[in-house]
Amino acid sequence: MAAMTPTTPTTPTTPATPATPATPATRYPGLREDTREPDTGAPVRTPGRRPRPRIWRGAVLALAGAYFLIPLIASFVFTVHVPGRGITFEAYTELLSADGFTESLLLSLGLAAATIALSLLLAVPALVAVRIGSPRLRPVVEVMCMLPLVVPPIALVTGITTVLRWGPDHLSRTPLYQTFIAVQNEKFPVVLVLAYTVLALPFVHRSLDAGLRAIDVPTLVEAARSCGASWPYVVLRVLLPNLRASLAGAAFLTLALVLGEFTIASLLGFQPFAVWIVSISGAQARMSVAVSILSLLITWLLLIALSRAGTTTSTAGAAPATTSRKEP
């Protein structure tokens, strides 16, 4: 009979106390409890709060504002303060009735509108065709559009003058003679539109190329073509709405270029707004400064209108796409 070995009763062991997890305050010291995730304790960025701007940002903005505003304020004071007479606004009242003011301003605005239309009409189809059909030609098109930055305006106007003189002498008995005469019409010189279009090509190319890089052009074109859309419909109703911001930027730069260009118009003998300002600067100093200030205001208003139009239309075009994603 086997011997029975007595078993000693086991004492119940107390359960081990679990380790207390690190509280959010321990892991992220210095943060309040309401700024942490309730489950993980990670810091939460409160919506609507922005980091305080640093001092150097305010200093840079103040210096930039002083750099631009102080000369304008000094010019305005020069136009309204006459020694011995005090404050007077005769320079601005006489400006509106000055000879050539309205004609030159309207001429510059018309040249700017025609230049914007012609440059976009040339650049948009070319860049879209290169983007879709011949990507290898993109460097060639880019170099051709950047050439006006290399050629000085004085060399460009010299070549234009040589061509305009050569044409009537050798083509006087051909129908092209009337063409050379028509492009030099003083009421609306088409030759200036052609010259300004060449000068504006680098800026238009850069703006449109950035817009085309931001969208998937082949996918949009293939989707529209698979639905039966024609090529004009694809360009006008599919691509251009996605390029509104780029088109507004190109128009912005072209407008600023045309309104401020002096060399080509002066050497060709025409008198747009910039040339008219210089022509009256010698005889009437206060009026010339007044018209300079007024031209800056007009240019800024037009540029702000173009930038606002591009931003508004692009935002409006993006709204239907956002709502369509939310639909089940």
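Residues numbered from 1 in each chain as written. Predicted model: local features only at pLDDT ≥ 70, side-chain atom pairs only at ≥ 80, totals over all residues. Heavy atoms only, no water.

Comments concerning the packing of aromatic side chains
The criterion, for reference: Any Phe, Tyr or Trp ring, taking Trp's six-membered ring, that has another such ring centre within 6.5 Å forms a pair; planes under 30 degrees apart are called stacked, those over 60 apart edge-to-face, and the others tilted. Per the convention used, a helix needs a DSSP run of H or I reaching at least four residues, while a strand needs a run of E reaching at least two, with both numbered from the N terminus. A 1.4 Å probe rolled over the protein chains alone gives each residue an accessible area, and that area as a share of the maximum for its type sets the label: buried under 20%, exposed over 50%, partly exposed in between.
Overall, the coordinates contain four aromatic pairs when judged by the stated rule. Ring centres of tyrosine 67 and phenylalanine 68 lie 5.3 Å apart, and the angle between their planes is 85°; on these two criteria the pair is classed as edge-to-face. Relative to tryptophan 276, the ring of phenylalanine 101 has its centre 5.7 Å away and its plane inclined at 55°; by these criteria the two rings are tilted. Pair noted here: phenylalanine 101 is in helix α4 (residues 101-132) and tryptophan 276 is in helix α13 (residues 273-281), with a separation of 175 residues, a long-range link. Assigned by exposure class, phenylalanine 101 and tryptophan 276 land together as buried. Through a chain of ring-to-ring contacts, three or more aromatic side chains come together here, namely Phe101, Phe273 and Trp276.

A short note on a nonpolar patch on the surface
Let me state the cut-off plainly: Like charges are joined within 9 Å and nonpolar side chains (Val, Leu, Ile, Met, Phe, Trp, Tyr) within 5 Å, but only among residues with over 30% relative accessible area and no salt bridge; these make up the patches. Throughout, the Shrake-Rupley method with a 1.4 Å probe supplies accessible areas, and for residues the shown protein chains are the sole cover considered. Here, a salt bridge means any Lys or Arg side-chain nitrogen found within 4 Å of an Asp or Glu carboxyl oxygen.
Among the surface-exposed residues, Tyr67, Phe68, Leu69, Ile73, Phe76, Val77, Ile87 and Phe89 lie close enough to one another that they form a single nonpolar patch of about 880 Å² accessible area. With respect to the secondary-structure elements, isoleucine 87 resides in strand β2 (residues 86-87). For isoleucine 87, a relative accessible area of 57% puts it in the exposed group.

Things to note about empty space enclosed by the protein
Our working definition: Using protein atoms alone on a 1 Å grid, points that fit a 1.4 Å probe yet trap it form a cavity, whereas open point sets bounded by protein on both sides within 12 Å along at least five of seven lines form a pocket; residues with an atom within 4 Å of a point count as lining. Grid points are joined across faces, edges and corners, and a volume is the space filled by probe spheres set on the points. Side-chain classes follow a simple rule in which Ala, Val, Leu, Ile, Met, Phe, Trp, Tyr, Cys and Pro form the nonpolar group, Asp, Glu, Lys and Arg form the charged group, and the remainder, Gly included, forms the polar group.
Within this structure, the stated rule accounts for one cavity of 30 Å³ or more. Size it by volume and the largest cavity reaches roughly 70 Å³. Lining the largest cavity are Leu127, Val130, Arg131, Arg138, Val141, Glu142, His205, Asp209 and Leu212. Elements with a minimum of two residues in the lining of the largest cavity: α4, α5 (138-150) and α8 (190-214). When grouped by side-chain class, the residues that make up the lining of the largest cavity number four nonpolar, one polar and four charged.

With respect to the packing of α4 against helix α11 (residues 244-260)
Defined as follows: With axes taken as lines fitted to C-alpha atoms, and helix axes fitted only over the stretch in contact, angles between N-to-C directions fall between 0 and 180 degrees. Any angle that is under 35 degrees is reported as roughly parallel, and any over 145 degrees as roughly antiparallel; angles of 65 to 115 degrees are reported as roughly perpendicular and all others as oblique. Handedness of a crossing is defined here by the sense of rotation of the near helix relative to the far one, left-handed for an anticlockwise turn of less than a right angle and right-handed for a clockwise turn. We call two residues in contact whenever any of their non-hydrogen atoms come within 4.5 Å of each other.
Between α4 and α11, the shortest axis-to-axis distance is 9 Å and the interhelical angle comes to 140°. In terms of orientation, α4 and α11 fall into the oblique class. Crossing angle aside, the handedness with which α4 passes α11 is right-handed. Between α4, through Ser108, Leu109, Leu111, Ala112, Thr115, Ile116, Ser119, Leu120 and Val124, and α11, the contact on the second element is made entirely by Leu247, Ala250, Ala251, Thr254, Leu255, Val258 and Leu259.

Side note on the side chain of serine 119
Rules: What qualifies as a polar contact is a pair of N or O atoms within 3.5 Å, subject to a donor-acceptor requirement within protein and to the restriction that residues adjacent in sequence count only when both atoms come from side chains.
Locating serine 119 in the fold gives a position in helix α4. At 2.8 Å, the side chain of serine 119 forms a polar contact with the backbone oxygen of threonine 115. With residues up to four places along the chain from it excluded, the contact list for serine 119 reads Thr197, Val204 and Thr254.

Points about the pattern of salt bridges
Opposite charge on two side chains allows them to pair when their charged atoms are near. With the rule as written, the count across this model stands at two salt bridges. Here aspartate 209 makes a salt bridge to arginine 213, at a shortest N to O gap of 2.8 Å. Of this pair, aspartate 209 and arginine 213 both sit in helix α8, separated by four residues, roughly a single helical turn. Judged by relative accessible area, which is 11%, aspartate 209 ranks as buried.

A short note on the confidence of the model for the chain
What counts, and what does not: The predictor attaches a confidence to each residue, and that confidence, scored 0 to 100, is pLDDT.
Looking at the chain as a whole, the pLDDT averages 77, with 77% of positions reaching at least 70. Every residue in residues 30-34 scores below 50 in pLDDT, and together they form six contacts with partners more than four places removed in sequence or on other chains. pLDDT under 50 marks residues 314-328. Its contacts with residues more than four places away, or in other chains, come to two contacts.

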